[in-house]
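Chain and residue survey
Here's the letter readout for the chains.
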Amino acid sequence: LLNSVKDADLAIDGNLDTHSTFALTAGALAAVDSVGQTVLLPAGSTVPPGGYAVFAVQFPSGTVTAALLGSVKVTTYLNKVAQESITLTETQIALLGQNVTGGTNAFVGVQATKPYDSADISLSPPVLSADVGDAMHVNELCTAGNMAP
């Protein structure tokens, strides 16, 4: 089994046109537990309550429609202790409007009610019988801003 995150630094480069890539590879009827990426804030920095732990993500065309995605989870940490998390299921992701002609862009995460100094995004696929390859792109971690009404 191989699962990996390629180009991890591109998820924190301040450019929404670049991304890290979550790649999944599994053998026949084997389960891949999960693959994740942790973003550490600069030493001594924390995002205060009211800030965001929201990842801009893309799902390459066909990933959701082919039922190759189980769930995406975002968790915040303070001093390596989990603070808050949210899990988005395959069904919820499919409702974002995925179609076979293009990828889905989404923002996945939480508005923090507790301070945090790192955030993790992980992808947990279902049992697979074929290689998936690129399963998710993480464009950026967003920690501040305003949500449009």
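Above: the structure in question.
Let us look at the structure shown here. (Residues numbered from 1 in each chain as written. Predicted model: local features only at pLDDT ≥ 70, side-chain atom pairs only at ≥ 80, totals over all residues. Heavy atoms only, no water.)

**Thoughts on the overall build of the protein**
Within the protein, the secondary structure is distributed over 1 helix and 9 strands. Walking the protein from its N terminus toward its C terminus, one meets helices and strands in the order β-β-β-β-β-β-α-β-β-β. Here the contacts in the protein between residues at least 6 apart in sequence split such that 77% fall between residues at least 24 apart. Within the structure as shown, the protein displays about 7700 Å² of accessible surface, and the carbon and sulfur contribution to it stands at 54%. (Helix = DSSP H or I, 4+ residues; strand = E, 2+ residues; numbered from the N terminus. Contact = heavy atoms within 4.5 Å. Areas by Shrake-Rupley, 256 points an atom, 1.4 Å probe, with all protein chains shown as cover.)

**Points about the sheet that holds strand β3 (residues 35–40)**
With respect to topology, 4 strands assemble into an open sheet ordered β3-β8-β5-β6, the strand pairing being antiparallel. Each edge of the open sheet carries a strand with a single partner, namely β3 and β6 (81–89). Averaged over all adjacent pairs, the angle separating strand axes in this sheet is 15°, with direction ignored. Of the pairings in the sheet, the one linking β3 to strand β8 (residues 118–124) comprises 6 bridges and is antiparallel in character. Its bridge partner being in β8, leucine 40 is matched across the sheet by serine 118. (Pairing = 2+ DSSP bridges. Axes fitted to C-alpha atoms, helices over the stretch in contact; angles between N-to-C directions.)

**Topic: the pairing of strand β5 (residues 71–78)**
Where β5 lies against β6, 8 bridges are found, and the strand directions are antiparallel. Directly across from valine 74, in β6, lies its bridge partner isoleucine 86. Between β5 and β6, which pair antiparallel in sequence order, lie 2 residues; one of them, asparagine 79, sits at a positive phi of approximately 55°. Where β5 and β8 come together, 7 bridges link them in antiparallel fashion. Looking at the pairing, lysine 73 lines up with serine 122 of β8.

**Points about the nonpolar core**
Across soluble globular proteins, you tend to see nonpolar side chains buried next to one another. Counting 26 residues, the largest nonpolar core has Phe55, Val57, Ile121, Leu123, Met136 and Val138 as the members making the most contacts within it. Broken down by secondary-structure element, the contributors of at least two residues to this core are β2 (20–25), β3, β4 (52–59), β5, β7 (104–111), β8 and β9 (133–142). In this view, valine 138 contacts Ala11, Thr18, His19, Ser20, Phe22, Gln37, Phe55, Ala56, Val57 and Ile121; residues no more than four positions away in its chain are not counted. (Core = buried A, V, L, I, M, F, W, Y, C linked by side-chain atoms within 4.5 Å. Buried < 20%, exposed > 50% of the residue type's maximum accessible area, 1.4 Å probe, protein only.)

**Quick word on the side chain of serine 122**
Mapped onto the elements, serine 122 comes out in strand β8. The buried category is assigned to serine 122, whose relative accessible area is 12%.

**Some remarks on the environment of leucine 24**
Within the secondary structure, leucine 24 is located in strand β2. Its relative accessible area of 0% is what places leucine 24 among the buried residues. Between the C-alpha atoms of leucine 24 and serine 4, which are 20 residues apart in sequence, the distance is 6.8 Å.

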